[in-house]
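Chain and residue survey
Read off the chains here:
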Amino acid sequence: MIITAATQGFILTLSMIIPIGSQNSMLLSQGINKNHHLMTAGLFMLYDAMMISLGVLGGSLILSSNDTLFTMLTWGGIAFLLSYGVMSFKAAICGVKSATNNVVGKKSIKVVFLTTLVVTFLNPHAYIDTVMVIGSVGGQYNDNVKLYFLIGAISGSIVWFSTLALGAARLSRQLSQPKVRAAIDLSIGLVMWFIAWSLLMSWLVK
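Residues numbered from 1 in each chain as written. Predicted model: local features only at pLDDT ≥ 70, side-chain atom pairs only at ≥ 80, totals over all residues. Heavy atoms only, no water.

1. Details of the overall build of the protein chain
When its secondary structure is counted, the protein chain shows 9 helices and 0 strands. Secondary structure elements in the protein chain, listed N-terminal to C-terminal, are α-α-α-α-α-α-α-α-α. Counting only residues that meet the buried cut, the protein chain has 46% of its 206 residues in that class. Within the protein chain, contacts between residues at least 6 apart in sequence are counted, and of these 88% link residues at least 24 apart. Carbon and sulfur atoms provide 72% of the accessible area of the protein chain, an area that totals close to 10700 Å². (Helix = DSSP H or I, 4+ residues; strand = E, 2+ residues; numbered from the N terminus. Buried < 20%, exposed > 50% of the residue type's maximum accessible area, 1.4 Å probe, protein only. Contact = heavy atoms within 4.5 Å. Areas by Shrake-Rupley, 256 points an atom, 1.4 Å probe, with all protein chains shown as cover.)

2. As for the packing of aromatic side chains
Summed over all chains, the structure comprises 6 aromatic pairs. With a centroid separation of 5.6 Å and an interplanar angle of 45°, the aromatic rings of Phe44 and Phe161 are classed as tilted. With Phe44 in helix H3 (residues 37–65) and Phe161 in helix H7 (residues 143–170), this pair connects stretches of sequence that are 117 residues apart. Phe161 carries the same exposure label as Phe44, and that label is buried. A connected cluster of aromatic rings, assembled from ring pairs, spans Phe44, Tyr47, Phe121 and Phe161. (Phe/Tyr/Trp six-rings, centres within 6.5 Å; stacked < 30°, edge-to-face > 60°.)

3. Some words on helix H2 (residues 22–33)
Here H2 spans 17 Å end to end across 12 residues, near enough to the 16 Å set by a 1.5 Å rise per residue. The element H2 is extensively covered by neighbouring structure, given that 12 of its 12 residues are classed as buried. Every buried residue belonging to H2 is among Ser22, Gln23, Asn24, Ser25, Met26, Leu27, Leu28, Ser29, Gln30, Gly31, Ile32 and Asn33, and all of these are buried. In the segment just after H2, Lys34 is the residue with positive phi, at about 50°. (Expected span 1.5 Å × (residues − 1).)

What follows is the structure, given as structure tokens:
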């Protein structure tokens, strides 16, 4: 039972975070630019650990039952995702226009840190995936087994963000080519707008 719970937590977390979202998009960009990408990955691991722990220990009930909080998170997330998408589209256009756009301005540690907070805590999907989905599954176990589920779930986050950060940095030369980078930025922008649309649809039918 212990091994099963830990494995379920690990696999469930990977299934929630591997599909590209705001955290993955930011970490991919930071890795390509080799701009505090390890710090970014570490912060995302910490944030996920906090939210997964909150959900498994009962926080999913609070979030799912508070319509006002859910509405505030949804509209904050929509505004952020639309803005993030616009910035990605702008970066893609600049990359297409300039064949010499290989050098990207580095962001300061402060800017990177603040951005990690925004892409995580203003993104309702982060709460839905970690607090509500993972939390509700983990909450079904008793106290002893629940701990191993939690460890497995957090381990999944650590493995994924480490792999993404190191992989993007390792392939930065290939991924930072103007046309490739423009395609990545365009894809990120489309994903951000799609997530914003899905949040709006979820709010309308709630």
